[in-house]
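Each chain is listed here by its residues.
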Amino acid sequence: MPQKRRVVVTGMSAITPVGIGLDESWQAMVNGKNGIHSISQFDATGFPCTFAGQVNDFDPLCELSPKDVRKMDRFMQFGIVCGKWAIEDSGIDVSKIDVDRAGVNIGSGIGGIKTIEVTAGQFAEKNSRRVSPFYIPMTIINMISGNLSIMCGLRGPNLCTVTACTTGTHSIGEASRLIEYGDADVMVAGGAEAPITPTSVAGFASAKALSTRNAEPALASRPWDRDRDGFVIGEGAGVMVLEEYEHARARGARIYAELLGFGLSGDAYHMTGPSPGGEGASRCMNSAMQNAGVNPEDVDYLNAHGTSTPLGDIAETLAVKTSFKDRSNGIAISSNKSMIGHLLGAAGGVEAVMTVMSIFSQAIPPTINLEDPDPECDLDYVPGQARSAKIRVALSNSFGFGGTNGSLVFGRV
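The present account deals with the structure reproduced in this document. The model shown is predicted, which means the values in this text are computed figures rather than measured ones.

**What about the overall build of the protein?**
Move 1: Check the secondary structure of the protein and you find 13 helices and 15 strands.
Move 2: Whereas a compact globule of 413 residues would reach a radius of gyration of roughly 22 Å, the protein reaches 20 Å, a difference of no more than 12%.
Move 3: Taking the principal axes of its C-alpha atoms as reference, the protein extends roughly 65 × 55 × 40 Å.
Move 4: When the 413 residues of the protein are sorted by exposure, 61% land in the buried category.
Move 5: Taking the intrachain contacts of the protein between residues at least 6 apart in sequence as the baseline, contacts between residues at least 24 apart amount to 80%.
Move 6: One finds the centroid of the 34 positive side-chain charges in the protein at a distance of 4 Å from the centroid of its 44 negative side-chain charges.

Set out below in structure tokens:
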């Protein structure tokens, strides 16, 4: 088997409930800014959960034409704009690279649910079979990758990954393997989601997955805290440009970090709950570290899945203890979701971007709202304030419904 090629991160962007763009989102997270507020995108009166991590002040017209915006669901607008910004951040001049070897893999967990809701409502109300010809391309998940490839002229691998809340992580991991084994030199990868809609919020609430701390939404997302009662739904996008190392060096690119390894596993246990003791998550992290060629003692920081759910936080804690053993208490762990909520299919993309920024900036964003730690969650979760740290290797976790797990290992270059 030929030796796998090195993969590095040369461009990134994020659209989150605490910031528009990479710099604004990163600075907000380092400062512990809270992005959870009452829902304003629809009337949530009477819903079990009335708050979310909403993206405010996002104007898709900054990168897209009015005609394009009308033909795209909000999740697609997030993903395409974020992808364009990541490419711009990378400094790649598309006219100077082999576009047949440059591709896109940006996924979503749910896709165009708002457009589906609106169209179904119109269909029922008007008793008409007339539906917009753009209905299907507005809702299907691969159209982020499709549209971005068309707009930027990227003719290499064009696909999307859909694995619930692990989507962003799997998208980046699978894109890296396309580069490692020679199918591409450049990949734009990540996740986007816009799930703050009536049926989406109602569905997660009915499944008892969401926090119901309606009187104190800013305190609702509290990973590893004794008083956590569910996750907070959020929206946004996180995208990075992955590039073969020599390709990046040849054009003098700035390199944020190297993507050292990718691991994935299945719990084969329950539709929504984690496997006992976080066994599946542990196997996933072990696989990622093995693929990266690193040992548990090499890992300095873990950007956790950290959803603020009663079962999930304990399972991830136990998984860390299983994988890292005596090293567990020496690893700094934090959850971006404490500030922005759970972005579902976009979560892994945003968190991978923030993990790389932690390596690049040698700083760890805090876990906010961690005031009374659960006795079963007794590791170093960087509570309250950001921390300066020497980070050589960092790991980012995502776990999703259906028992799907993904872990990425990044290293300083």
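Structure's up, so let's keep going.
**Thoughts on the layout of surface pockets**
Move 1: By volume, the largest pocket is sized at about 580 Å³.
Move 2: Those elements giving two or more residues to the lining of the largest pocket turn out to be α11 (310-324) and β14 (393-400).
Move 3: Taken together, the residues of the lining of the largest pocket break down into eleven nonpolar, 14 polar and five charged.
Move 4: Quantified by volume, the second largest pocket comes out at close to 190 Å³.
Move 5: Around the second largest pocket sit 13 residues that line it, and Asp73, Lys114, Thr115, Val118 and Met138 are the ones nearest its centre.
Move 6: Where the lining of the second largest pocket is concerned, the elements lending two or more residues are α3 (74-90), α4 (113-126) and α5 (135-139).
Move 7: A per-class count over the lining of the second largest pocket returns five nonpolar, five polar and three charged.

**Points about the pairing of β14**
Move 1: With eight of eight residues buried, β14 lies mostly within the body of the structure.
Move 2: Residues of β14 alternate between two faces, with Val393, Leu395, Asn397 and Phe399 on one and Ala394, Ser396, Ser398 and Gly400 on the opposite face, all of them buried.
Move 3: Pairing geometry for β14 and strand β15 (residues 404-411), over eight bridges, is antiparallel. When the bridges of β15 are listed, Ser398 appears paired with Gly406.
Move 4: Counting the residues that bridge the hairpin from β14 to β15 gives three residues, and of these Gly402 lies at a positive phi of roughly 90 degrees.

**As for helix α13 (residues 347-361)**
Move 1: With 15 residues, α13 extends 21 Å from end C-alpha to end C-alpha; this agrees with the ideal 21 Å at 1.5 Å per step.
Move 2: Of all 15 residues in α13, 13 are buried, a share of seventy percent or more.
Move 3: Looking one or two places after α13, you find Gln362, whose phi comes out positive at around 55 degrees.

**Thoughts on the pattern of salt bridges**
Move 1: The tally for this structure, following the rule as stated, stands at 19 salt bridges.
Move 2: A salt bridge links Glu258 to Arg6; the shortest N-O distance between them is 2.8 Å. Of the two residues, Glu258 sits in strand β9 (residues 257-266) while Arg6 sits in the segment before β1 (7-16), which places them 252 residues apart along the sequence.
Move 3: Put simply, Arg254 and Asp89 hold a salt bridge, and the shortest N to O gap is 3.1 Å. In this pair, Arg254 sits in the loop between α9 (245-250) and β9 while Asp89 sits in helix α3, placing the two residues 165 residues apart along the sequence.
Move 4: Taking the relative accessible area as the measure of exposure, Arg254 reaches 37% and is therefore partly exposed.

**Quick notes on the environment of Gly173**
Move 1: By the secondary structure assignment, Gly173 is in helix α7 (residues 167-180).
Move 2: Considered as a pair, Gly173 and Ser407 are 234 residues apart in the sequence and their alpha carbons are 8.2 Å apart.
Move 3: Discounting chain neighbours no more than four positions away, the residues touching Gly173 are Phe262 and Leu408.

**A look at helix α1 (residues 22-30)**
Move 1: The complete set of buried residues in α1 reads Leu22, Ser25, Trp26, Ala28, Met29 and Val30.
Move 2: Along its buried surface, α1 packs onto β1, β2 (19-20), α3, α12 (337-340), α13 and β12 (363-364).

**Observations regarding the packing of aromatic side chains**
Move 1: In the structure shown here, the tally under the stated rule is six aromatic pairs.
Move 2: Consider the rings of Trp224 and Tyr381, whose centres lie 4.1 Å apart with planes at 10 degrees: the pair is stacked. In this pair, Trp224 is assigned in the loop between α8 (198-206) and β8 (236-244) and Tyr381 in the loop between β12 and β13 (387-388), connecting sequence segments 157 residues apart. For the pair Trp224 and Tyr381, one class covers both residues: buried.
Move 3: The ring of Tyr245 carries Arg6 above its face, with NZ or CZ at 4.0 Å from the centroid.

**What about the environment of Ser95?**
Move 1: Relative to the helices and strands, Ser95 resides in the loop between α3 and β5 (102-107).
Move 2: Classification of Ser95 as exposed rests on a relative accessible area of 64%.
Move 3: At 2.6 Å, the side chain of Ser95 and the side chain of Asp93 are in polar contact.

Here is what the cut-offs are and how they apply
- Per-chain numbering applies: the sequence of each chain, read as written, is numbered from 1 onward.
- Only residues with pLDDT of at least 70 are given local features in this predicted model, and only at 80 or more are side-chain atom pairs given and counted; all residues enter the totals for whole chains, interfaces and linings.
- Derived side-chain values reflect all non-hydrogen atoms in the structure, with water molecules and hydrogen atoms excluded from consideration.
- Strands here are runs of E lasting at least two residues and helices are runs of H or I lasting at least four, both read from the DSSP assignment and numbered beginning at the N terminus.
- Only C-alpha atoms enter the radius of gyration; for comparison, a globular chain is expected to reach 2.2 Å times N to the power 0.38, where N is the number of residues.
- A simple rule labels every residue: compare its accessible area, found with a 1.4 Å probe on the protein chains alone, to the largest value its type can have, and call it buried under 20%, exposed over 50%, or partly exposed in between.
- Any pair of residues with heavy atoms lying within 4.5 Å of one another is described as a contacting pair.
- Positive residues here are Lys and Arg, negative ones are Asp and Glu, while His and the chain termini are left out of the count.
- Where a charge lies is defined by one atom per residue type: Lys uses NZ, Arg uses CZ, Asp uses CG and Glu uses CD.
- In this analysis, the protein atoms alone were mapped onto a 1 Å grid. Cavities are point sets where a 1.4 Å probe fits without being able to get out; pockets are open sets with protein on both sides within 12 Å along at least five of seven lines; lining residues have an atom within 4 Å of a point.
- Grid points are joined across faces, edges and corners, and a volume is the space filled by probe spheres set on the points.
- Gly is placed with the polar residues, together with every amino acid not listed as nonpolar (Ala, Val, Leu, Ile, Met, Phe, Trp, Tyr, Cys and Pro) or charged (Asp, Glu, Lys and Arg).
- At least two DSSP bridges between two strands are needed for those strands to be called paired.
- Multiply 1.5 Å by the residue count of a helix minus one, and that product is the helix's expected span.
- Salt-bridge detection follows one rule: a side-chain nitrogen of Lys or Arg within 4 Å of a carboxyl oxygen of Asp or Glu.
- Any pair of Phe, Tyr and Trp rings, taking the six-membered ring for Trp, is counted once the centres come within 6.5 Å. Such a pair is stacked with planes under 30 degrees apart, edge-to-face with planes over 60 apart, and tilted for the rest.
- In this scheme, Lys NZ or Arg CZ marks a charge over a ring once it lies within 6 Å of the ring centre and within 35 degrees of the ring normal.
- Between N or O atoms, a polar contact is any pair within 3.5 Å; within protein, one atom must be a potential hydrogen donor and the other a potential acceptor, and residues adjacent in sequence are included only when both atoms are from side chains.

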